[in-house]
Amino acid sequence: MPTLNHALAAIERHLGFPISRGRTVATRLQEAGFIEHGAPGVAPQVNHDGFVALLIGLASGKTLSEVGAAVATYLEATPGGVSFAGAPLSVVRLRSELLALVETALEFPDDLSDLSIEVVEWPEVVIRHLGRTARFVPIGANAKHWQVGGHRTSTTISGRAFRDAVRAIFKGR
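The shown structure was predicted, so the numbers you read here are calculated from the model rather than taken from an experiment. (Residues numbered from 1 in each chain as written. Predicted model: local features only at pLDDT ≥ 70, side-chain atom pairs only at ≥ 80, totals over all residues. Heavy atoms only, no water.)

A. Region of interest: unusual backbone geometry. The phi angle at Leu130 is positive, at roughly 55°, despite the residue not being glycine. Mapping Leu130 onto the fold places it in the loop between strand E3 (124–129) and strand E4 (132–137). You can call Leu130 exposed: its relative accessible area is 64%. (Helix = DSSP H or I, 4+ residues; strand = E, 2+ residues; numbered from the N terminus. Buried < 20%, exposed > 50% of the residue type's maximum accessible area, 1.4 Å probe, protein only.)

Have a look at this one:
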């Protein structure tokens, strides 16, 4: 499993998020339980879930005090804010969608050529892939309306950058 430092270096190289910001966000995500802590003499490791949390934490633009709770809210978002009460956690939530994209990047990297992931500063993520658009918002929110007043600020990650970051972290390429 790759170390946190290796993951942060790949994220900076392929996605453009500075390592300095990545370290502080990673610390907050460790405190929130999204990324494992290391042990004495053992560097912290990053698994697929940790990478997804780190990606959302960095792209959301949240303050350090908000990032842990914000990542939890983002990862539980559903397409269109639909409630899946009683459904298993693996059913169509942002976390499962991003994990599927990580697996695709590792096994079928050419399939992500038309992917874009847009992380909006309020809890919304728009994934455009294979000619479809999915808007992930918190349960009960209306995906067709802005969630807050003011300007809509977002970070867009291309499929190529996402694929290259995933492969650099988990395949060493």
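Structure shown, so let's carry the discussion forward.
B. Main features of the packing of helix H3 (residues 48–60) against helix H5 (residues 94–107). Orientation of H3 relative to H5, taken along the N-to-C sense of each, is 110°, at an axis distance of 10 Å. Taken together, H3 and H5 sit at an angle that is classed as roughly perpendicular. The element H3 and its partner H5 pack so that their crossing is right-handed. Taking contact as the criterion, the partners of His48, Asp49, Phe51, Val52 and Ile56 in H3 are, on H5, Leu94, Arg95, Leu98, Leu99, Val102, Glu103 and Leu106. Tallied by class, residues from the contact of H3 with H5 come to eight nonpolar, one polar and three charged. (Axes fitted to C-alpha atoms, helices over the stretch in contact; angles between N-to-C directions. Parallel < 35°, antiparallel > 145°, perpendicular 65-115°, else oblique. Left-handed = near helix turned anticlockwise from the far one by under 90°. Contact = heavy atoms within 4.5 Å. Nonpolar A, V, L, I, M, F, W, Y, C, P; charged D, E, K, R; others polar.)

C. Representation of the sheet that holds strand E5 (residues 154–158) within the structure. The strand order E1-E4-E3-E2-E5 describes an open sheet built from five strands, whose pairing is antiparallel. Bordering the open sheet on either side are strand E1 (78–79) and E5, each of which pairs with just one other strand. Direction of pairing for strand E2 (residues 116–120) relative to E3: antiparallel, over a ladder of five bridges. Directly across from Ser116, in E3, lies its bridge partner Arg128. (Pairing = 2+ DSSP bridges.)

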